[in-house]
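Each chain, letter by letter, is given below.
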Amino acid sequence: GSSLAVFTSGGDAQGMNAALRAIVRMGIYLGCKVYLIYEGYQGMVDGGKNIQLANWYSVSGIIGAGGTIIGSARCMDFKERPGRLKAAKNLVKFGINNLVCIGGDGSLTGANLFKEEWSSLLQELLETDQITAEEREKYSFLNIVGLVGSIDNDFCGTDMTIGADSALHRIIEAVDAIVTTAFSHQRCFVMEVMGRHCGYLALAAGLASDADWIMIPENPPEKGWEDKLCKRLAVQRESGHRLNIVLIAEGAIDRDGNPIKSDYVKDIIKNRLKIDTRVTVLGHVQRGGSASAFDRVLATRMGAEAVLALLNATPDSEPVVVSLNGNVTCHVPLMESVEKTKAVAKAMADKDFQRAVELRGSS
Ligand code: ATP
């Protein structure tokens, strides 16, 4: 059978463990040797104990656990060719030429580059007597498949990234908790949620929690939005509401591209409406805790699909990302999706919000 390895890279997200479990077990079920690479690309570069053969029970009891049991890291070494050369040598020595990368667009870009360079890396290893001619022959191709783990749901090419639904649950729980205390004291809470340049978490959480106002990067408010916000909150108070919830995406910006800070919004409400207003920044609790049922099932499906994609890959097939389209798991070209994701970031930076939304919507 083939040998494959899985690693997690970039920021962690709930559901990564469920994906690991599915990859290990699907791999073993299909007769593969499955290796776990600890600490992301750093473990691949350092080798040794960072690369370990998994068995069925290596991934017991982790389906719901948040984070990633094999660790994740940012790795500067892998960004340079000498680091990738070491990584290639380690993989060849372990007999691995199939990789599942669970990470964000940076990690997937690295994986793609690694695949493109693979034959030249092996050539260099051969010329410097670090591998044998048989090894080069045997492992002449590197197959990679990506899974997107990110609470932000900011990747073009999949309807949902692994972790976004769990983060949403965490946010809703926090809003529900805040609502009870806000009600008692007739307060307004400005709640800041994660998502980087993507407003998905703020928007979906706002819909699910009956928020009074939502601010997302994709829809920067027009000048004078402060008046509209205050008017809306005032109307609500006059009609008997005892509390307000304003949800702000951490990447929220105005029409000029300047960040809209939670404290600024709080001060506006406090000073103009004389409502007792507080800020709650949810932070990393959104990325912690157990995975939701949806993320466990999604990651399990994607993990199983990733193994099938690897085993079906031919030397000239393009790397893919396993994605969700509607309710169906499918494959999309890895680099195309990464490039689209980067194009969205660029459109946002250029303040071309229409284009950003179009790019996102078309994938
Ligand atoms: P997140 O979206 O959660 O931050 P990410 O995968 O985008 O995840 P990055 O920090 O961008 O996170 O990348 C993780 C690691 O992937 C980097 O530390 C580096 O080792 C590797 N990597 C990223 N970009 C490249 C690249 N262009 N070439 C080689 N390796 C890269």
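Everything here concerns the structure above.
Computed from a predicted model, the values in this text were never measured in an experiment. (Residues numbered from 1 in each chain as written. Predicted model: local features only at pLDDT ≥ 70, side-chain atom pairs only at ≥ 80, totals over all residues. Heavy atoms only, no water.)

S.K.: How would you explain the side chain of Lys115 if you had to name every residue and give the values?
M.R.: On the secondary structure map, Lys115 appears in helix H4 (residues 105-127). Buried and unpaired, Lys115 has Glu318 as its nearest opposite-charge partner, separated by 7.3 Å. Once you skip the residues sitting within four places of it in the chain, Lys115 turns out to touch Leu142, Asn143, Ile144, Pro315, Ser317 and Pro319. (Helix = DSSP H or I, 4+ residues; strand = E, 2+ residues; numbered from the N terminus. Buried < 20%, exposed > 50% of the residue type's maximum accessible area, 1.4 Å probe, protein only. Lys, Arg positive; Asp, Glu negative; His and termini not counted. Salt bridge = Lys/Arg side-chain N within 4 Å of Asp/Glu carboxyl O. Contact = heavy atoms within 4.5 Å.)

S.K.: Pulling in residues and values, what's your account of the state of the cysteines?
M.R.: Throughout the structure, instances matching the rule amount to zero disulfides. Cys156 takes part in no disulfide bond, and the closest cysteine sulfur to it belongs to Cys198, at a distance of 8.8 Å. With no disulfide of its own, Cys188 has Cys230 as its nearest cysteine by sulfur position, at a separation of 9.3 Å. (Disulfide = S-S within 2.5 Å.)

S.K.: Could you give me a rundown of the side chain of Glu218, with the residues and numbers involved?
M.R.: Residue placement: Glu218 occurs in the loop between strand S8 (213-215) and helix H8 (225-238). In this structure Glu218 comes out as buried when scored by relative accessible area, which is 13%. A polar contact is formed between the side chain of Glu218 and the backbone nitrogen of Gly199, at a distance of 2.8 Å. Once residues lying within four places of it in the same chain are set aside, the contact partners of Glu218 are His197, Cys198, Gly199, Met348, Phe353, Val357 and Arg360. (Polar contact = N/O pair within 3.5 Å; in protein donor to acceptor, adjacent residues only side chain to side chain.)

S.K.: Can you tell me about the site of the ligand, naming the residues and giving the values?
M.R.: What surrounds the ligand is a group of 16 residues, the closest being Arg74, Cys75, Gly106, Ser107 and Arg196. A distance of 3.1 Å is found between an oxygen atom of the ligand and a side-chain nitrogen or oxygen belonging to Asp105. Here an oxygen atom of the ligand sits 2.4 Å away from a polar atom, N or O, in the side chain of Ser107. For the ligand, whose free accessible area comes to 620 Å², the fraction covered by protein is 82%. For the shell around the ligand, the element with the highest residue contribution is H4, accounting for six residues. (Near = heavy atom within 4 Å. Areas by Shrake-Rupley, 256 points an atom, 1.4 Å probe, with all protein chains shown as cover.)

S.K.: For the environment of Val307, give the residues involved together with the corresponding values.
M.R.: Structurally, Val307 can be placed in helix H10 (residues 293-312). Here Val307 falls in the buried class, since its relative accessible area comes to 0%. Here the alpha-carbon distance between Val307 and Leu99, two residues 208 residues apart in the chain, equals 9.2 Å.

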